[in-house]
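Structural overview for review
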Protein chains: 2
Amino acid sequence: MKKSTTELKGVKEIARRANVSIATVDRVLHNRPGVSKQTKDKINEIIIELNYQPNLLAQRLASRKTIRLATLIPMGSKETSYWEAPLSGIEQAEGEINQLGIIIDKYFYDQNSSDSFTDQTKIILESNPDGVLLAPSFVEESVKFTNGCTELGIPYVLFNSDLPNNDSLSYIGPNLYQSGYLAAQLISYLISDKDKVLIVNISKEIDNRHHLLKKEEGTRAYFKDHHKPNDILKLDIKQTDYKSIEETLSETFRENDNIKVVFVTNSRVSWVARYIDESKKDVILIGFDFLKENLEYVNNGVIDFLICQKPKEQAYRGVMSLYKHLAFSLPVEKVHFMPIDIVTKVNCPYYQN
Amino acid sequence: MKKSTTELKGVKEIARRANVSIATVDRVLHNRPGVSKQTKDKINEIIIELNYQPNLLAQRLASRKTIRLATLIPMGSKETSYWEAPLSGIEQAEGEINQLGIIIDKYFYDQNSSDSFTDQTKIILESNPDGVLLAPSFVEESVKFTNGCTELGIPYVLFNSDLPNNDSLSYIGPNLYQSGYLAAQLISYLISDKDKVLIVNISKEIDNRHHLLKKEEGTRAYFKDHHKPNDILKLDIKQTDYKSIEETLSETFRENDNIKVVFVTNSRVSWVARYIDESKKDVILIGFDFLKENLEYVNNGVIDFLICQKPKEQAYRGVMSLYKHLAFSLPVEKVHFMPIDIVTKVNCPYYQN
DNA sequence: CTGAAAGCGCTTACAG
DNA sequence: CTGAAAGCGCTTACAG
């Protein structure tokens, strides 16, 4: 079969069939005003008939737009090296997409200062980025920020911890409740009915704590669901220097016997480990996060289990989903719970953070 | 400071500075012949000075080339639904990159027929794709195939199981030895010294078995490393119908008492579960893979632990690393071991395959 | 409401 | 050995 005209592709072919210019096709394609209903309908018909799919490469190239993303995470601190991992995840994603017209501006806040957080959010909103990746810490301030994003029509992705009823493009991170539940399951394998469990929440900022409480909730739920009779004690430590931690723990151990398991609800477990190591207590210790300081204690057997959730990958995925959304309008899953990994002395060398 | 000429970008700016045409710049950029040493040197100097980074979007668009990938995995079978997951991973990747000039041709082989495997590999080599994703089953035939790829200069990625000394672009999948080791650790929590452990390898094709043997090795290593005195029995089942499996197991249980743990080294664990369920044996059962048929037995408590390694994600990552390598010359990690996930009745609802 | 033309930053024949 | 020109499939002023 002979073709009367050489076959054109894309907008040109649509234009030819509709007897209009490609500019008009472009207008219809992007729902821009200034096209009569009649031609619009005709063009739309052809678009459907041809099952037209735009060439994203050409689209990005011609539009001359670079996509600007902003990321906001805690800055590294002497208290924990945790945030190095997400940062390296962001940088990895950056390396993969910076040749594709994506720019990433990285902002950092002090986890102990809600003011520093608010300051950064203001700077970000003023810079009007195309998308935001946020590791929220201060609930109220974070909500204010994400509301600001929504008003400006800036899509944002949350990772590491979630925020109450928000309209984020996606949440990527642990199911906090579930990780507490899992910790409880581990614990239940290892204790008998009369042993006591001590839950330790360590955090200076009250606001960081809803995070920790979710885990605690999960833990308690497991014991309840499985009718475990064990006593569950709980400690809220707001002074995060070692001295305070030591004192609080000493007191607790003095006043309670039969504490068989200590479950620290965040990555600060290494400080409790130090106490347990120095005081030579015989307890099972469970905590969170694959940090250098924690791994030492895993290796010498003071920490028995570390619950981890690939912080680097979380951030990497966060950037990539913004990229996919903004550059290609690809659908993004609303929630991506990271797997809950259990690291022990045995599988520790093989864990990839 | 005033610029005498308006600032140009990319090849144009290089051409201007070198006083040549952009065609010549292009030749140097791609190391094509037909440029005098002198101009070549000058241009290279400028490239370095400008730290020129090509616009990948424009590159792909102008080259008019589509990248063709071929994937080769087992076809779905009535024996196991396992391979649906990798396929859906491939399809997900396809959805994300098919607008970017990537085409994926999917090939399938019958896991019980090395001939079907060889046939498909021939077809693939003849089609001369730009990259190959392979889930190898038959070692010898697979090696022949990957050698063919290497000869033709086709990069290939292996996933699900590795091949001995190969030059693949990347391997993505479990550390088989390590997952056997982990299973042993689980087991050791749950048994006492006099209990026996039964390892069951189920596979029709001998060649599939090096896969299973690696896991067995890991398991034995753990018991050795930790000086466990337990008896470890082993069963190689080559007839994969239920009748044969039932008979073999019955016999083994008749001849041995104190079998406390049964460890099935692949996803066929549901058949053993059926036997254990029907015969009402009181043993701990451990196996592999998040399959519908296995999950039933996890939920009714017959299977205690399932070791999983995200088969969908493996395949997705495999395609994406080929894409990144071919489209953007991005570096690809030579080995990506998937995390070894432990699924129990408790965390099962939260596991994402 | 519509179209002609230039341009995004490259690659690819083709001509000399 | 080198360059002028067309083109990849879009978007974007600008003119009418």
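Model, not experiment: these values are computed from the prediction.

**Notes on the packing of aromatic side chains**
Within a pair of aromatic rings, the relevant descriptors are the distance that separates the centres and the angle that separates the planes. All names here are of chain A. Applying the stated rule across the entire model yields 24 aromatic pairs over all chains. For the pair Tyr 323 and Phe 328, a centre-to-centre distance of 5.3 Å together with 75 degrees between the ring planes defines the contact as edge-to-face. Given the relative accessible area of 7%, Tyr 323 is considered buried. For Phe 328, a relative accessible area of 12% translates into the label buried.

**Comments concerning the interface of chain A and chain B**
Counting residues at the interface gives 37 residues for chain A and 38 residues for chain B. Of the roughly 3100 Å² buried at the junction of chain A and chain B (both faces included), carbon and sulfur atoms supply 61%. For the pair chain A and chain B, the interface holds 4 salt bridges. A salt bridge links Arg 317 of chain B to Glu 313 of chain A; its shortest N-O distance comes to 3.5 Å. At the surface where chain A touches chain B, the tally comes to 7 residue pairs in polar contact (both at pLDDT 80 or more). Of all the secondary structure elements, the ones that give two or more residues to the side of chain A that touches chain B are α4 (56-63), α5 (84-97), α8 (176-190), α13 (311-328) and β11 (335-337) of chain A.

**Some remarks on the protein's contact with DNA strand C**
The environment of DNA strand C is formed by 29 residues, the closest being Arg 27 and Thr 39 of chain A together with Asp 26, His 30 and Ala 62 of chain B. Restricting the count to atoms of DNA strand C within 4 Å of the protein gives a sugar and phosphate share of 70%. Taking Ser 36 of chain A, its main chain carries an N or O atom lying 2.9 Å from a phosphate oxygen of DNA strand C. Contacts to DNA strand C include Ala 62 of chain A, whose backbone N or O atom sits 3.3 Å from a base oxygen.

**Section: the sheet that holds strand β5 (residues 170-173) of chain B**
Residue and element names in this part refer to chain B. The sheet built from 6 strands is open, its strands ordered β2-β1-β3-β4-β5-β11 with parallel pairing. Edge strands, defined here as strands with exactly one partner in the open sheet, are β2 (102-109) and β11 (335-337). Ignoring strand direction, the axes of neighbouring strands in this sheet form an average angle of 15 degrees. When β5 meets β11, the two strands line up parallel, connected through 3 bridges. Directly across from Tyr 171, in β11, lies its bridge partner Val 335. With respect to the sheet, helix α6 (residues 114-127) is in contact with β1 (67-74), β2 and β3 (131-134), its orientation differing from that of β2 by roughly 160 degrees.

**Remarks on the packing of α4 of chain A against helix α4 (residues 56-63) of chain B**
Two numbers describe how α4 of chain A lies on α4 of chain B: the axes approach to 9 Å, and their chain directions differ by 130 degrees. Viewed along their axes, α4 of chain A and α4 of chain B adopt a mutual orientation that is oblique. In the crossing of α4 of chain A with α4 of chain B, the sense of the turn from one axis to the other is left-handed. For the pair α4 of chain A and α4 of chain B, the contacting residues are Leu 57, Ala 58, Arg 60 and Leu 61 of chain A in the first and Leu 57, Ala 58, Arg 60 and Leu 61 of chain B in the second. Taken together, the residues of the contact of α4 of chain A with α4 of chain B break down into 6 nonpolar, no polar and 2 charged.

**Quick look at the relation of the copies chain A and chain B**
Overlaying chain A with chain B gives an RMSD of 0.2 Å, the required rotation being 180 degrees about an axis along which the chain moves by 0.1 Å. Here the symmetry operator amounts to a two-fold rotation axis. Minimal C-alpha distance to the rotation axis in chain A is attained by Leu 57 of chain A, lying at 2.7 Å. In this assembly the copies share their binding face: 100% of the residues contributing to the interface of chain A also contribute to that of chain B.

**Structural notes on the pairing of strand β4 (residues 156-159) of chain A**
A two-sided burial pattern is seen for β4 of chain A, the buried positions comprising Tyr 156 and Leu 158 of chain A on one face and Val 157 and Phe 159 of chain A on the other. The parallel pair strand β3 (residues 131-134) of chain A and β4 of chain A, bridged by helix α7 (residues 139-152) of chain A, forms a crossover whose chirality is right-handed.

**Topic: unusual backbone geometry**
Here Asp 289 of chain A, not a glycine, exhibits a phi torsion of approximately 85 degrees, which is positive. Along the polypeptide, Asp 289 of chain A turns up in the loop between β9 (284-288) and α12 (292-299). Its identity is not glycine, yet Arg 64 of chain B carries a phi of approximately 60 degrees, on the positive side. With respect to the helices and strands, the residue Arg 64 of chain B is situated in the loop between α4 and β1.

**Description of the sheet that holds β3 of chain A**
Residues and elements named next belong to chain A. Taken in spatial order, the 6 strands of this open sheet run β2-β1-β3-β4-β5-β11, and their pairing is parallel. Looking at the sheet topology across the chains shown, the edges are occupied by β2 (102-109) and β11. Averaged over all neighbouring strand pairs, the angle between strand axes comes to 15 degrees, with direction disregarded. Here strand β1 (residues 67-74) pairs with β3 via 4 bridges, running parallel. Residue Ala 70 lies in a different strand from β3, and its bridge partner there is Val 132. Each of β1, β2, β3 and β4 touches α5; the most contacted strand, β2, lies at about 165 degrees to it.

**Side note on the domain arrangement of chain A**
Residue and element names in this part refer to chain A. Per the domain assignment, the segments of chain A are domain 1 (10-54), domain 2 (65-174 + 311-338) and domain 3 (176-308). The distance between the C-alpha centroids of domain 2 and domain 3 comes to 29 Å. On the domain 3 side, the residues contacting the 15 residues of domain 2 number 15 residues. Taken together, the two surfaces of domain 2 and domain 3 that pack against each other cover about 1300 Å², and 47% of this comes from carbon and sulfur. Between the two partners, domain 2 and domain 3, sit 0 salt bridges.

Conventions adopted
- Residues numbered from 1 in each chain as written.
- Chains lettered and ligands numbered in written order.
- Predicted model: local features only at pLDDT ≥ 70, side-chain atom pairs only at ≥ 80, totals over all residues.
- Heavy atoms only, no water.
- Phe/Tyr/Trp six-rings, centres within 6.5 Å; stacked < 30°, edge-to-face > 60°.
- Buried < 20%, exposed > 50% of the residue type's maximum accessible area, 1.4 Å probe, protein only.
- Contact = heavy atoms within 4.5 Å.
- Buried area = accessible area lost by both parts, 1.4 Å probe.
- Salt bridge = Lys/Arg side-chain N within 4 Å of Asp/Glu carboxyl O.
- Polar contact = N/O pair within 3.5 Å; in protein donor to acceptor, adjacent residues only side chain to side chain.
- Helix = DSSP H or I, 4+ residues; strand = E, 2+ residues; numbered from the N terminus.
- Near = heavy atom within 4 Å.
- Pairing = 2+ DSSP bridges.
- Axes fitted to C-alpha atoms, helices over the stretch in contact; angles between N-to-C directions.
- Parallel < 35°, antiparallel > 145°, perpendicular 65-115°, else oblique.
- Left-handed = near helix turned anticlockwise from the far one by under 90°.
- Nonpolar A, V, L, I, M, F, W, Y, C, P; charged D, E, K, R; others polar.
- Least-squares fit on C-alpha atoms with pLDDT ≥ 70 in both.
- Right-handed = clockwise from strand over helix to strand, strands pointing away.
- Domains from an automatic or database assignment.

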